[in-house]
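Analysis of the macromolecular model
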Amino acid sequence: MQDRANHRFVVTRHDFSMLLATLRERGYLLLGPTLRDQAIVYDEINGAEDLPAGWTDEQEAGQYKVKRRDDNALFAYNVGPHSWKKFLQLPSLTLWKAQKTDNGFKVEERDEATPRMAFIGVRPCELRAIAVQDQVLTGGDHIDPDYARRRKHAFIVTVQCTQAGNTCFCVSMGTGPRAEEGFDLAVTEIIDTHRHEFVIEAGTDTGAEILARVPHRSASEADWQNAQSATQRTAEQMGRQIETSGIRELLYRNAEHPRWDEVADRCLACTNCTMVCPTCFCTAVEDVTDLAGQTAERIQRWDSCFNSRYSYIHGGIVRPSTRSRYRQWLTHKLAYWHDQFGSSGCVGCGRCISWCPAGIDITEEVAAIRANDGGGMEQGRKTNE
Amino acid sequence: MVPHPVSIRELQRETHDTFTLTLEPPDRDQGLSFIPGQFTMLYLFGTGEVPISISGDPAYPMRLVHTIRAVGSVTRTMQHMQRGSMLGVRGPFGKGWPVEEARGKDIVIIAGGIGLAPLRPVIYHLLRERGDYEHISILYGARCPADILYSRELESWGGRFDVDVSVTIDYATTDWYGDVGVVTSLLDKVRCDPGKTVVMTCGPEIMMRFAARELNRIGITDEHIYVSMERNMQCAAGTCGHCQYGPSFVCKDGPVFRLDRIRPFFGTREI
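Residues numbered from 1 in each chain as written. Chains lettered and ligands numbered in written order. Predicted model: local features only at pLDDT ≥ 70, side-chain atom pairs only at ≥ 80, totals over all residues. Heavy atoms only, no water.

All right, on to the interface of chain B and chain A then. Each partner contributes to the interface: chain B provides 38 residues, whereas chain A provides 51 residues. Carbon and sulfur atoms make up 56% of the surface buried where chain B meets chain A, a total of about 3,900 Å² over both sides. Of all residues in chain B, the largest losses of buried area upon contact with chain A belong to Phe45, Arg269 and Glu270 of chain B, amounting jointly to 19% of the total for that side. The interface formed by chain B and chain A contains one salt bridge. As a salt-bridge pair, glutamate 49 of chain B and arginine 298 of chain A come within 2.8 Å of each other at their nearest N and O atoms. Put simply, the parts of the chain that give the side of chain B that touches chain A at least two residues each are strand S4 (48–53), strand S6 (86–93), helix H4 (205–217) and strand S14 (248–249) of chain B. If you tally residues by element for the side of chain B that touches chain A, the top one is S6 of chain B, at four residues. (Contact = heavy atoms within 4.5 Å. Buried area = accessible area lost by both parts, 1.4 Å probe. Salt bridge = Lys/Arg side-chain N within 4 Å of Asp/Glu carboxyl O. Helix = DSSP H or I, 4+ residues; strand = E, 2+ residues; numbered from the N terminus.)

A few words on the sheet that holds strand S3 (residues 39–44) of chain B. Within a beta sheet, neighbouring strands are joined by backbone hydrogen bonds and run either parallel or antiparallel to one another. Residues and elements named next belong to chain B. In space, the six strands of this open sheet follow the order S4-S3-S6-S1-S2-S5, with antiparallel pairing throughout. Edge positions in the sheet fall to S4 and strand S5 (64–69), since each has one partner strand and no second. Within this sheet the neighbouring strands show an average axis-to-axis angle of 40°, counted without direction. When strand S1 (residues 4–15) meets S6, the two strands line up antiparallel, connected through four bridges. By the bridge assignment for S6, histidine 4 is matched with valine 89. (Pairing = 2+ DSSP bridges. Axes fitted to C-alpha atoms, helices over the stretch in contact; angles between N-to-C directions.)

Here the focus is the domain arrangement of chain A. How big an interface is tends to be stated in terms of accessible area lost as the parts join. All names here are of chain A. Assigned domains of chain A: these are domain 1 (7–236) and domain 2 (247–377). The distance between the C-alpha centroids of domain 1 and domain 2 comes to 26 Å. Residue-level contacts link 40 residues of domain 1 with 39 residues of domain 2. Connecting domain 1 to domain 2 are one salt bridge. Here glutamate 126 and arginine 351 are joined by a salt bridge, their closest N and O atoms 2.4 Å apart. At the junction of domain 1 and domain 2, the tally comes to 26 residue pairs in polar contact (both at pLDDT 80 or more). At nine residues, the largest contribution of residues to the side of domain 1 that touches domain 2 is made by strand S6 (residues 92–101). Residues that form the side of domain 1 that touches domain 2 fall into these classes: 19 nonpolar, 14 polar and seven charged. (Domains from an automatic or database assignment. Polar contact = N/O pair within 3.5 Å; in protein donor to acceptor, adjacent residues only side chain to side chain. Nonpolar A, V, L, I, M, F, W, Y, C, P; charged D, E, K, R; others polar.)

Residue and element names in this part refer to chain B. When its domains are assigned, chain B resolves into domain 1 (4–93), domain 2 (106–220) and domain 3 (229–271). Using C-alpha coordinates to define each centre, domain 2 is positioned 24 Å away from domain 3. Counting residues at the interface gives five residues for domain 2 and seven residues for domain 3. Surface buried jointly by domain 2 and domain 3 totals about 450 Å² across both partners, of which 62% is contributed by carbon and sulfur atoms. If you sort the residues of domain 2 by the area they bury against domain 3, Glu205, Met208 and Arg209 come out on top, with a joint share of 73%. Joining domain 2 to domain 3, the criterion identifies one salt bridge. Across the salt bridge formed by arginine 231 and glutamate 205, the nearest N and O atoms sit 2.6 Å from each other. Between the two partners, domain 2 and domain 3, sit two residue pairs in polar contact (both at pLDDT 80 or more). Across the side of domain 2 that touches domain 3, the residue classes tally to two nonpolar, one polar and two charged.

Right, dumping it as structure tokens:
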């Protein structure tokens with residue numbers, strides 16, 4: 001999109017519903033935040049009426065609670081337990097099926113129609129997480145065909161963050177609270193006593209085209225300033241922060257830091273952090289057959305480096321201790337990822353902090369290692385030799 | 001990334017727990033070309049898939065050969081399959097041994113147990129292009145005489161005047177007159193110029209660690225030592241995550257690594 005300033009509009013609360021209806025009419029499956037089981041989750045929605053109007057959340061390490069607001073804001077909360085990963089890299093996916101034949105078997109590749117999805121309310125950190133997953137699953141020699149198919153037609157409506165949660169640290173990771181690119185439309189919700197409207201920026205031609213079908217007015221300089229200052233305030237309210245300078249080297253040289261033992265005493269190896277993480281991409285495959293043994297299939301499921309069998313090779317488990325699994329997870333996310341994919345694997349969404357049943361906080365763990373850089377190395381626990 | 005059905009042409013018992021499968025290649029015209037050190041994923045209908053190094057001769061792509069140790073549900077079933085039975089195959093995958101970089105150098109091959117299988121293709125290659133390499137030594141360690149893999153071939157290589165073959169075992173039986181002890185103890189016998197030697201080693205990690213230490217001691221630096229690593233592998237394309245070893249994915253960045261490139265992780269416990 002050239003000349004972004006000419007693609008900024010204002011849409012009223014009423015017409016915002018129309019925007020979603022328009023996407024639906026255009027054949028998109030609407031996916032967005034909705035209130036379920038006392039949490040704001042991502043699911044199929046029919047329209048703006050299914051958004052969690054008037055709800056917010058309160059988060060802390062190991063805590064997540066939804067709460068009523070005194071207005072009807074549609075997006076005045078932070079990220080919940082779900083991420084868009086569940087629509088792009090499915091939690092469970094049949095990769096192929098095989099039929100037994102007279103002299104062996106025959107493999108049938110899946111050929112499933114993929115819905116055209118519209119993601120409503122993708123936060124800037126999540127937009128970055130999608131870009132990270134794009135790099136992991138489609139940026140190398142091998143392209144994950146199922147992910148690529150789903151991703152290709154996804155229409156992204158970003159919601160710029162007008163408030164920060166207690167576990168947010170997108171500013172530290174350079175991923176938010178305002179997204180500048182990667183979306184079809186980017187929405188800043190403006191709500192106060194006398195107005196409820198959305199400043200919307202089109203990031204692609206498709207986005208501009210959809211927006212053109214909805215009543216709107218061009219954003220004035222004041223509207224735009226208003227939207228900008230809303231996210232600037234958010235940047236100043238970050239609940240957490242992480243010092244990222246030299247973090248890769250910090251973690252490389254602290255593989256034997258005593259903090260890993262300390263965090264292992266608290267970590268339950270429950271896998272929650274990896275399940276809620278929007279960039280964790282590990283999957284396991286399982287081969288199954290029907291009862292008659294005539295049809296076999298391979299199912300791919302989300303896996304976690306906290307599972308014991310994750311590192312199983314004949315003769316044993318490479319990472320039997322929780323210490324080594326936590327170290328693997330955190331070091332992969334913040335250090336190895338740079339070598340593997342050219343960026344951090346962490347986007348600062350804070351989900352792993354809120355959803356850890358033991359309240360383990362990645363920002364606190366890194367700070368503890370940094371505070372005692374090189375601690376424990378001289379104690380000779382370095383190698384087996 | 002789906003397995004190609006292929007039939008078993010030959011199944012040969014090697015030791016009590018190892019066997020060699022010769023498979024028909026998926027492409028019956030071209031065969032399956034591979035670089036020594038690469039592996040494939042072998043699929044047993046409805047049961048699962050296992051990563052297995054190719055142990056055949058790279059000059060004969062029509063013969064797809066794997067030597068397998070029966071250790072899990074898939075490999076134990078494979079051990080008892082019949083000629084003509086079908087398996088699935090994907091691959092080849094990964095980075096192999098440095099046969100090009102090694103030209104003109106002294107070569108030391110150090111293998112432990114079934115670790116000889118991924119090295120056999122490179123031995124075939126070295127012997128075929130014998131004139132391109134200087135002194136060649138093969139050091140092999142097994143648990144006991146009955147566990148010596150490819151014993152006939154080791155004997156025949158040992159009978160050549162242009163290759164030194166040494167075999168040692170951990171536990172001697174009364175009919176064993178050879179060396180007893182760890183494979184690294186054989187290094188003292190090796191004739192090589194440490195400054196122009198390439199070492200290729202595959203075996204248990206503990207063996208490779210001690211080998212590296214001894215090699216460093218005799219003046220062979222990490223840049224000239226290549227190790228074949230093993231981790232859990234499922235996708236073989238670097239996307240399932242299981243084979244991570246520090247920042248490397250063993251399935252695509254390895255399984256063969258130049259030691260200096262993984263040195264920070266080599267020997268770190270539970271990495």
